[in-house]
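# Observations on the three-dimensional arrangement
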Amino acid sequence: MSVNAIRLSRSGKYRSPVMPGPTVLTPTRAVEIRNALNPESRFSAPFRPMGANSSATECTSSSVGTVVDTSLLKQIKHVDPDRRTTTVQPGVRIGDLVSELAEYGLELGGGHDLMSRTVGGAVSGGCIGPSFGDDGAFLASQVESIKLVTPDGKPIEIRSDQQNLMHAFRLSFGMLGIIYEIKLKVRPIRTFAVTHRRCSFDQFGAVAEKVANADVGLKFYLLPFRDRVYLDIRRHSPGATGTHRIPWKVKDWGESTVLPNVFKSINRIVPMTGVRYRLIDEISQMTQGIVNNRLVNTGSNSTALMSSAKSDDAAKKLNYCTWFFPAADFAIVVQAYRDFCLRVQDASRFRCDMPTVGFRIGRDSSALLSPSFDEPMIALRAISTQSKGWEDFAIDFGDFARHWGGTPLFNQTQEVPADYPSQVFGSRINLFRKIRRQFDPENRMMNPFLSQYFL
Ligand SMILES: Cc1cc2nc3c(=O)[nH]c(=O)nc-3n(C[C@H](O)[C@H](O)[C@H](O)COP(=O)(O)OP(=O)(O)OC[C@H]3O[C@@H](n4cnc5c(N)ncnc54)[C@H](O)[C@@H]3O)c2cc1C
């Protein structure tokens, strides 16, 4: 069966009962990638690179062809404190790199909130966090140069002075080739102060525009069924002390391991919907109250990162979908989002059991496919441990987001109609498509999911 013959469901997932499945190649040396992509090789297209595979869409997989799992290319090749750079293979986990850099008193800039993702996946897909100041919104903005194998098997290097090309390669979702080495900018560890606030949706709406447009790191948790918002606001604070890892680790453990696992159990053992969700919301509220308000009040990019390798298993099983909304409109959007969640639950009985997570995303024009290319945005990530009803929820969330001018990120946003990205990315997506055609005229890196947007 040809790739194009595979049926595309509304969820953007492909279903075929009799597909043989792709070949999975797990290279330990870069040369194996070059050999595999050589048009004469025994490996067949499409080729899809994969890091930790934590994306929410079908950008890392294929029903046929070859998935190139880069997780064993995990060498930190060099840290250069004088030039403030580090050179790594793509499969290095962000957490491992952060620990290594800390030995030199250095840290990563740019947005990143997750330890167990790979550097390759983070610069080719979206990687955001509560960044601020001169940090780029996406970790990809920190890329100085990359080495990759082109779709026809040729090794090339792209440097940041090749600005137009670099803009296409950052956030390129593995469509322009497979990266085998990355040089990132790093910086001395900077401390920030964290303020926590708790408020209602109306109160948040009243200050949302001010907060969204201020130069602060903003992460928040929405509990629409409790009319509660928990804010984590970060500001530079060179004098801050006591930026220990332990409290952040406990916070991470609470949010990314305890909550999903407890909610899964509750969903299994409490049959009555009303009681179940009351309990779930109670626990969310308690966790946010204790973990966020009491535990941490200073940090740095080196300490305040989410998700250990262990908790990654729990995280991987979560359903999530992220949309980006203009920060200028967010005061209205956040209230509309609460109404939307209540409406969906009324109509379908489905609701997300985890709090919706949001970030302020500063303007970042370092990548053609950056959702915040033109203006600061607010990212909203709906998350659920429950799969039953999730697909329909993601469709409804997509309708809501498009109504409010939402912009997708191709590895984190489900249910994006094929013609929608042109409306929000405009000429930038056309330029990306043109560059993609030049690098991959035979569409060797394209699976059906990506083809619907980029052919
Ligand atoms: C519970 C949960 C929470 C999350 N929270 C956040 C969050 O706070 N912030 C955030 O930004 N994201 C978040 N994500 C989304 C996801 O983790 C990020 O987008 C992450 O950066 C992806 O990294 P990865 O290593 O898993 O990449 P993958 O999912 O494996 O790949 C991402 C993309 O990069 C491409 N790619 C991977 N390696 C290469 C390579 N060597 N060469 C070329 N292309 C390559 C892939 O083809 C794919 O298109 C979350 C996900 C989950 C499950």
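The preceding data block contains the structure.
Residues numbered from 1 in each chain as written. Predicted model: local features only at pLDDT ≥ 70, side-chain atom pairs only at ≥ 80, totals over all residues.

### Quick notes on the overall build of the protein chain
Summing up its helical and strand segments, the protein chain has 13 helices and 19 strands in all. Considering only residue pairs separated by 6 or more positions, the protein chain has 74% of its internal contacts joining residues 24 or more positions apart. (Helix = DSSP H or I, 4+ residues; strand = E, 2+ residues; numbered from the N terminus. Contact = placed C-beta atoms within 7 Å.)

### Description of the site of the ligand
Near the ligand you find 35 residues, and of these Gly51, Gly120, Gly121, Gly125 and Gly174 are the closest. Of all the elements in the fold, those that place two or more residues in the shell around the ligand are β4 (47-50), α3 (119-124), β11 (178-188) and α8 (309-316). Examining the composition of the shell around the ligand, we find that four residues originate from one element, α3, more than from any other. For the shell around the ligand, the per-class residue count stands at 15 nonpolar, 16 polar and four charged. (Near = placed C-beta within 6 Å. Nonpolar A, V, L, I, M, F, W, Y, C, P; charged D, E, K, R; others polar.)

### A word on the sheet that holds strand β3 (residues 23-25)
Strand order across the open sheet formed by three strands is β3-β5-β4, with parallel pairing between neighbours. Looking at strand neighbours, the two that pair on one side only are β3 and β4, the edges of this open sheet. Taking each pair of neighbouring strands and ignoring which way they run, the sheet shows an average axis angle of 25°. Where β4 meets strand β5 (residues 66-69), four bridges bridge the pair, whose relative direction is parallel. Each bridged residue has a counterpart across the sheet, and for Arg48 the counterpart in β5 is Val67. (Pairing = 2+ DSSP bridges. Axes fitted to C-alpha atoms, helices over the stretch in contact; angles between N-to-C directions.)

### Structural notes on the sheet that holds strand β13 (residues 217-223)
Strand order across the open sheet formed by eight strands is β15-β12-β14-β13-β17-β18-β16-β19, with antiparallel pairing between neighbours. Sheet topology places β15 (298-300) and β19 (407-408) at the edges, where each strand pairs with a single neighbour. Note that β13 and strand β14 (residues 228-236) share seven bridges and pair antiparallel. Note that in β14 the partner of Tyr221 across the bridge is Tyr230.

### Here we look at the environment of Ile280
One can find Ile280 in helix α7 (residues 273-295). In this structure, Ile280 is in contact with Phe263, Ile266 and Asp353, ignoring residues within four places of it in sequence.

### Re the environment of Tyr180
Tracing the sequence through the fold places Tyr180 in strand β11. Linking Tyr180 and Thr70, residues 110 residues apart in sequence, is a C-alpha distance of 8.3 Å. Excluding residues that lie within four positions of it along the chain, Tyr180 makes contacts with Ala30, Ile33, Leu73, Gln89, Pro90, Lys147, Leu148 and Val149.

### With respect to the pairing of strand β7 (residues 85-88)
Where burial is concerned, the two faces of β7 differ: the one with Thr86 and Val88 is buried and the one with Thr85 and Thr87 is not. Here strand β6 (residues 76-80) runs beside β7; their pairing, made up of four bridges, is antiparallel. Across the sheet, the residue bridging to Asp80 is Thr85, located in β7. Counting the residues between successive antiparallel strands, the hairpin from β6 to β7 contains four residues, one of them, Arg84, with a positive phi of roughly 55°. Two elements, β7 and β11, share four bridges in a ladder whose sense is antiparallel. Bridging from a neighbouring strand, Thr87 pairs with Lys183 of β11. (Buried ≥ 20, exposed ≤ 12 C-beta atoms within 10 Å, placed from the backbone.)

### Here we look at helix α10 (residues 390-403)
Look at α10: 20 Å from first C-alpha to last across 14 residues, which is about the 20 Å you get at 1.5 Å a residue. Considered for burial, the residues of α10 that qualify are Trp390, Phe393, Ala394, Phe397, Gly398, Phe400 and Ala401. Projected down its long axis, α10 shows its buried positions confined to an angular sector of 165°, all on one face. The elements touched by buried residues of α10 are β16 (319-326), α9 (330-348) and β18 (377-384). Within two residues after α10, Gly405 carries a phi angle of roughly 70°, on the positive side. (Expected span 1.5 Å × (residues − 1). Arc of directions from axis to C-beta.)

### What about helix α5 (residues 201-213)?
The end-to-end C-alpha distance of α5, which contains 13 residues, comes to 18 Å, matching closely the 18 Å that a straight helix rising 1.5 Å per residue would cover. Along its length, α5 shows its largest kink, about 50°, at Val207. Tucked inside the fold, the buried residues of α5 contact β12 (191-199), β14, α9, β17 (356-361) and β18. (Bend = angle between axes of the 7 residues up to and from the residue.)

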